[in-house]
Each structure stands twice: as C-alpha cells, then as structure tokens.
Amino acid sequence: MIDDDTTPDAGPDAAGAPENAAPDTAPPKDTRAGFVALIGVPNAGKSTLLNSLVGTKVSIVSRKVQTTRALVRGIAMEGNAQIVLVDTPGIFAPKRRLDRAMVTSAWSGAADADAVCLLIDARKGVDEEVEAILTRMPDLKRPKYLVLNKIDLMARERLLALAAALHERVKFERIFMISALTGDGVDDLRRELAGRMPPSPWLYPEDQVSDAPLRMLAAEITREKIYDRLHEELPYSSTVETDQWQVRPDGSVRIEQTIFVERESQRSIVLGKGGQTIKAIGQAARIDIAEAAETKVHLFLFVKVRENWADDPERYREMGLEFPRG
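The following refers to the structure shown. As the structure is a computational prediction, the values presented were derived from the model and not from experiment. (Residues numbered from 1 in each chain as written. Predicted model: local features only at pLDDT ≥ 70, side-chain atom pairs only at ≥ 80, totals over all residues. Heavy atoms only, no water.)

Counting secondary structure elements, the protein chain contains 9 helices and 10 strands. Relative to its 326 residues, the protein chain shows a buried fraction of 51%. Expressed as a percentage of contacts within the protein chain between residues at least 6 apart in sequence, the contacts between residues at least 24 apart total 73%. When the accessible surface of the protein chain is split by element, carbon and sulfur atoms take 49% of a total near 15700 Å². (Helix = DSSP H or I, 4+ residues; strand = E, 2+ residues; numbered from the N terminus. Buried < 20%, exposed > 50% of the residue type's maximum accessible area, 1.4 Å probe, protein only. Contact = heavy atoms within 4.5 Å. Areas by Shrake-Rupley, 256 points an atom, 1.4 Å probe, with all protein chains shown as cover.)

This is the structure we're talking about:
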C-alpha cells in the first residue's frame, strides 16, 4: 500500500546546524543526569505523562490497554539536569508469555532507576492491580514519588483523602497531583525530579528526546494508529516492524513496514473494505513519523499473517524484552 501524500518537508538538515558548527552555548557546569521509572497499571497515563515531561511525542498513547510493551526512554531537560524517563509497560496480572515479559520488564526498569514515580488514575483509586503494586513498592530501595493523575476529573476532597490513604501505605518522598493530558502540575514534577538526579555529565546530547531508534519509533507510531482506528475490532496480538528505511537523494525517506497479525480474519480487518482502513492508518502514521523524522516520508504498509508470533523469541528481542521460558 502506498501512502504518499504531501507533508511539510523540513529537509535533511532541519534538525540543527552542521556538525562542525560551533555550539551557541556551552553546557552548564555542575550538570546532573539520571533515570526515573514511571510505573503503574495499564492506562494510568504513563505514556501521556512521559510525552508531557519531555515536551514531544516519544511514547505511543492509546485507549487500548497494555500498548507500551518495552521500556521506552524519553529525555527531559530541566536547567542543568537531564532526566531520562523510562515509560515501563503497565503492571498487571500476567496471563500469557508476552504479559509475563512485559511485567518483568516494568519491575526491572523500576529497580534500576534513580527514582520511581508511581502513577495512579485518581478516578479509579486503588483497585486489585494497584493494590498488588503497592504491596511490592517497599521492596524498591529507591526514592519514590506518588503521582495522582486525571485530577481535573476529581473533587478535591476525594483527592486529598486518596493521597493521605496511599501515603499511609508507602512513604513517598512527595505526592504530586497532575493532569498529564492538560499539563497541569507537570512542570512542578519535572523540577522535583531534576533536583533528585545525581551529579553526572549528561548522558545524551541536549537536543535528543529519546534513545529509541527512529525505525522503532516509526513502528510504534503505526501501531498506535492501528489501535486508534481498530480499538475494539482488532485483538491485542498485533505488531509492526520497520523493514526498510531508505533516505532518498532529496532528503525524504521511503519506509516499508509490515503489520503482523495472527489470523487471516484479522488481516481483513486491518485492510478494510477496498483497502480503506489501512490507507487511513498509513495517512495518520505518516504525518507523525514525518514530524519525528523532520523530513518528508513515503510510507508503504503491508499486512501479513504470522501465527503465534507472541511465542517467537526473535519478536521479543526486537521489542527489547526478555523471552520468558516455560
């Protein structure tokens, strides 16, 4: 499928000055850098918060639960501090092999971080899945922050009661009440995390917003658009791989991606009548990929059936997950 509509063409040099150009300003002295893990149940708003803290899209956001499958790192700058934010997969009761890999990845990311933010959907409060996370929080020997999200949809009295009850369970460094969607309270959280980062040279260039290769980010963007378009129709078991990334002489990029599903009936859903569904997915994905790549994008999408791809160790390696045995 060819999706080749016109997009703003920033050109190959849009990201900045030539390599040999002198920087406008030197890095500040006494720099700080470290890692912060965002943990919580699926759909608590971790990906939305990550994007808000960074200031641009680095993690996919979808109404469909469990869309973050691997550790996604976004890089936020605040003064002389560089905060490497790790958006972990949602923590839930695992039922399948892929579920177990995702939950293991989430707890591993939390254990390795300099600080941990537990994000809770304030509207839902403490359910069975949140309760399971709270039980394990004392095991994390890291500074812990409680972040109550979606406060714009809650009465203040209920918020304060929820915050007090949670602080009784786990001794958090501080409690933040935010709306990741509107950005309310996010700046305060970013400043707090910046002050928590240990003295260190910056780990990434100042203008870098993620450590994910563009090929991976492009695949994630397309996966997000699939979920947006087919929220209820397509089962969770689908994935996207970027097969080709070719820079053309004019600076534009030709991208070929394959959408893998597990059954022929799912392939028909993704294609849609007369190819209309996949065309709409491609058009939406191309716009976001072009913004991320800062150049014009020619996107070609293909749909293939790969039965039981969720049991293939190679797929796990591509997603940055450890393949669970047994």
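More follows now that the structure is in view.
Here we take up the packing of aromatic side chains. Enumeration according to the criterion identifies 1 aromatic pair in this entry. An angle of 50° between the planes, with centres 6.2 Å apart, marks the rings of Tyr145 and Phe176 as tilted. Taken together, the residues Tyr145 in strand β6 (residues 144-149) and Phe176 in strand β7 (residues 174-177) connect sequence positions 31 residues apart. Note on accessibility: Tyr145 and Phe176 belong to one class, buried. Positioned over the ring face of Phe300 is Arg254, at 3.9 Å from the centre of the ring. Note that Arg306 overlies the ring of Phe260, its terminal NZ or CZ placed 3.6 Å from the centroid. (Phe/Tyr/Trp six-rings, centres within 6.5 Å; stacked < 30°, edge-to-face > 60°. Lys NZ or Arg CZ within 6 Å of the ring centre and 35° of its normal.)

What follows deals with a negative patch on the surface. On the surface, a cluster of negative charge is made up of Glu206, Asp207, Glu291 and Glu294. On the secondary structure map, Glu294 appears in the loop between α8 (276-293) and β10 (297-305). Note on Glu294: relative accessible area 36%, which makes it partly exposed. (Patch = residues over 30% accessible without salt bridge, like charges linked within 9 Å, V, L, I, M, F, W, Y side chains within 5 Å. Salt bridge = Lys/Arg side-chain N within 4 Å of Asp/Glu carboxyl O. Lys, Arg positive; Asp, Glu negative; His and termini not counted. Charge placed at Lys NZ, Arg CZ, Asp CG, Glu CD.)

Here we come to helix α3 (residues 128-136). Along α3, the residues classified as buried are Val130, Ile133 and Leu134. The buried residues of α3 all sit within an arc of 100° when viewed along its axis, so they share a single face. Set apart from the buried face of α3 by more than 90 degrees, the exposed residues are Glu128 and Thr135. Measuring from the backbone nitrogen of Glu129 back to the side-chain oxygen at the start of α3 gives 3.2 Å, which picks out Asp127 as the cap. (Arc of directions from axis to C-beta. Polar contact = N/O pair within 3.5 Å; in protein donor to acceptor, adjacent residues only side chain to side chain.)

This paragraph deals with the nonpolar core. With 48 residues, the main nonpolar core has Val36, Leu49, Leu85, Leu118 and Leu148 as its most contacted residues. At the level of secondary structure, the elements contributing two or more residues to this core comprise β2 (32-39), α1 (46-54), β4 (81-87), β5 (115-121), α3, β6, α4 (156-169) and α5 (186-196). Residue contributions to this core peak at 6 residues, all from β5. Residues Ala219, Ile259, Ile278 and Ile281 belong to the second largest nonpolar core, which totals 21 residues. (Core = buried A, V, L, I, M, F, W, Y, C linked by side-chain atoms within 4.5 Å.)

To continue, consider the side chain of Thr242. Position of Thr242 among the secondary structure elements: in strand β8 (residues 239-247). Within the structure, Thr242 has its side chain in polar contact with the backbone oxygen of Arg215 (distance 2.8 Å). Apart from residues no more than four positions distant in its own chain, Thr242 is found in contact with Arg215, Ala218, Ala219, Ile255, Glu256 and Gln257.

The next thing to look at is unusual backbone geometry. Its identity as a non-glycine residue notwithstanding, Lys150 has a phi of 65°, on the positive side. Following the sequence through the fold, Lys150 ends up in the loop between β6 and α4. If you check the backbone angles, Glu294 has positive phi at about 55° while not being a glycine.

To continue, consider empty space enclosed by the protein. Counted according to the given criterion, the structure contains 1 cavity of 30 Å³ or more. Of the pockets and cavities examined, the largest cavity occupies roughly 40 Å³. Forming the walls of the largest cavity are Val41, Pro42, Asn43, Ala44, Asp121, Lys124, Gly125, Asp127 and Val130. Considering only residue class, the lining of the largest cavity consists of 4 nonpolar, 2 polar and 3 charged. (1 Å grid on protein atoms, 1.4 Å probe; cavity = no way out; pocket = protein on both sides within 12 Å on 5 of 7 lines; lining within 4 Å. Points joined across faces, edges and corners; volume = space filled by probe spheres on them. Nonpolar A, V, L, I, M, F, W, Y, C, P; charged D, E, K, R; others polar.)

Using the criterion set out here, one finds 14 salt bridges in the structure. Arg123 is paired through a salt bridge with Asp121; the nearest N and O atoms lie 3.2 Å apart. Ionic pairing is found between Arg169 and Glu131, a salt bridge with its closest N-O pair at 2.7 Å. Taken as a pair, Arg169 in helix α4 and Glu131 in helix α3 lie far apart in primary sequence, 38 residues in all. A relative accessible area of 41% places Arg169 in the partly exposed class. The exposure class of Glu131 is partly exposed, given its relative accessible area of 31%. Salt bridges sharing partners connect three or more residues here, namely Glu78, Asp187 and Arg190.

Now for the pairing of β8. Where β8 meets strand β9 (residues 253-261), 8 bridges bridge the pair, whose relative direction is antiparallel. Paired with Thr242 across the two strands is Gln257, which belongs to β9. Between β8 and β9, which follow one another and run antiparallel, lie 5 residues, and Gly251 among them has a positive phi close to 95°. (Pairing = 2+ DSSP bridges.)

The next point concerns the packing of helix α7 (residues 264-271) against α8. Angle between the axes and distance between the axes: these two values describe a pair of packed helices. At a minimum axis distance of 5 Å, the contact between α7 and α8 shows a crossing angle of 65°. Of α8, the residues touching α7 (which contributes Ile269, Val270 and Leu271) are Gln276, Thr277, Ile278 and Ile281. Here the residues of the contact of α7 with α8 are counted per class, giving 5 nonpolar, 2 polar and no charged. (Axes fitted to C-alpha atoms, helices over the stretch in contact; angles between N-to-C directions.)

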